[in-house]
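Each chain, written out:
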Amino acid sequence: MWKEGGLKSFKRNNKLRNIFLDTTREVEVKDASGKRQTRIAFELPVNLYDRVLSKIAKGLFFYHTGRVFPSSVKRRIDSLVDRPIELEELAYNNICDGAFNYWYLIEGSSSIWFIEIHSGHWAMVTTGVFCDVAS
């Protein structure tokens, strides 16, 4: 996925590349066994991240329904700390051998998307009436 799209965008978009490179630093983290390791971290601009997740949800909506997502329908993006417990009742799909997992429910123009990226980051995108329920 990175080589097919992300890397091309990163090379082509100087502003995006500078955002990442200017905030990159080493951080010490503990792995699952408690061993300390050094990793590279960077700051992620929330507004950019939210726009990307919103576009992903619009694309998935089209993929699953064959309909263009109405621009008049509101969308809400929330970062999540961990896996939500209510996912078992939702439809599931994954892309790139599990690098991008998502659970979803679509009712008309309203939808809810739980997105897991690289087994570590969770987000929820809600649209339409689900925006009010998620508040």
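How each quantity is defined
- Residues numbered from 1 in each chain as written.
- Predicted model: local features only at pLDDT ≥ 70, side-chain atom pairs only at ≥ 80, totals over all residues.
- Heavy atoms only, no water.
- Helix = DSSP H or I, 4+ residues; strand = E, 2+ residues; numbered from the N terminus.
- Buried < 20%, exposed > 50% of the residue type's maximum accessible area, 1.4 Å probe, protein only.
- Contact = heavy atoms within 4.5 Å.
- Areas by Shrake-Rupley, 256 points an atom, 1.4 Å probe, with all protein chains shown as cover.
- Pairing = 2+ DSSP bridges.
- Axes fitted to C-alpha atoms, helices over the stretch in contact; angles between N-to-C directions.
- Core = buried A, V, L, I, M, F, W, Y, C linked by side-chain atoms within 4.5 Å.

Comments concerning the overall build of the protein chain
- A tally of helices and strands in the protein chain yields 4 helices and 7 strands.
- Taken from N to C terminus, the helices and strands of the protein chain fall in the order α-α-β-β-α-β-β-β-β-β-α.
- Dimensions along the principal axes, computed over C-alpha positions, put the protein chain at roughly 45 × 40 × 30 Å.
- Counting every position in the protein chain, which comprises 135 residues, the buried fraction comes to 30%.
- Contacts in the protein chain between residues at least 24 apart in sequence constitute 42% of all its contacts with a sequence separation of at least 6.
- A total accessible area of about 9200 Å² is found for the protein chain, and carbon and sulfur atoms account for 54% of it.

Some points on unusual backbone geometry
- Of note in this structure, Cys96 is not a glycine but carries a positive phi near 60°.
- Of note, Cys96 is situated in the loop between strand E4 (91-95) and strand E5 (100-107).
- The exposure class assigned to Cys96 is partly exposed, which follows from its relative accessible area of 35%.

Here's the deal with the environment of Phe42
- With respect to the element layout, Phe42 can be found in the loop between strand E2 (36-41) and helix H3 (46-65).
- Sequence separation of Phe42 and Arg25 is 17 residues, and the distance between their C-alpha atoms is 6.3 Å.

Side note on the sheet that holds strand E7 (residues 121-127)
- The 5 strands are arranged E3-E7-E6-E5-E4 in an open sheet whose pairing can be described as antiparallel. Two strands in the sheet have a free side with no partner beyond their single neighbour: strand E3 (75-80) and E4. Here the strands of the sheet are splayed against their neighbours by 20° on average, with no regard to which way each runs.
- Examined bridge by bridge, strand E6 (residues 110-117) and E7 share 7 bridges and lie antiparallel to one another. Residue pairing across strands places Ile117 opposite His121, the latter belonging to E7.

Thoughts on the nonpolar core
- Residues Leu53, Leu60, Phe100, Tyr102, Trp113, Ile115 and Val125 are the most contacted members of the largest nonpolar core, which totals 14 residues.
- Secondary structure elements with two or more residues in this core: H3, E5, E6 and E7.
- Per-element tally for this core: the top contributor is H3, with 5 residues.
- Listed in part, the 8 residues of the second largest apolar core include Trp103, Ile112, Phe114 and Trp122.

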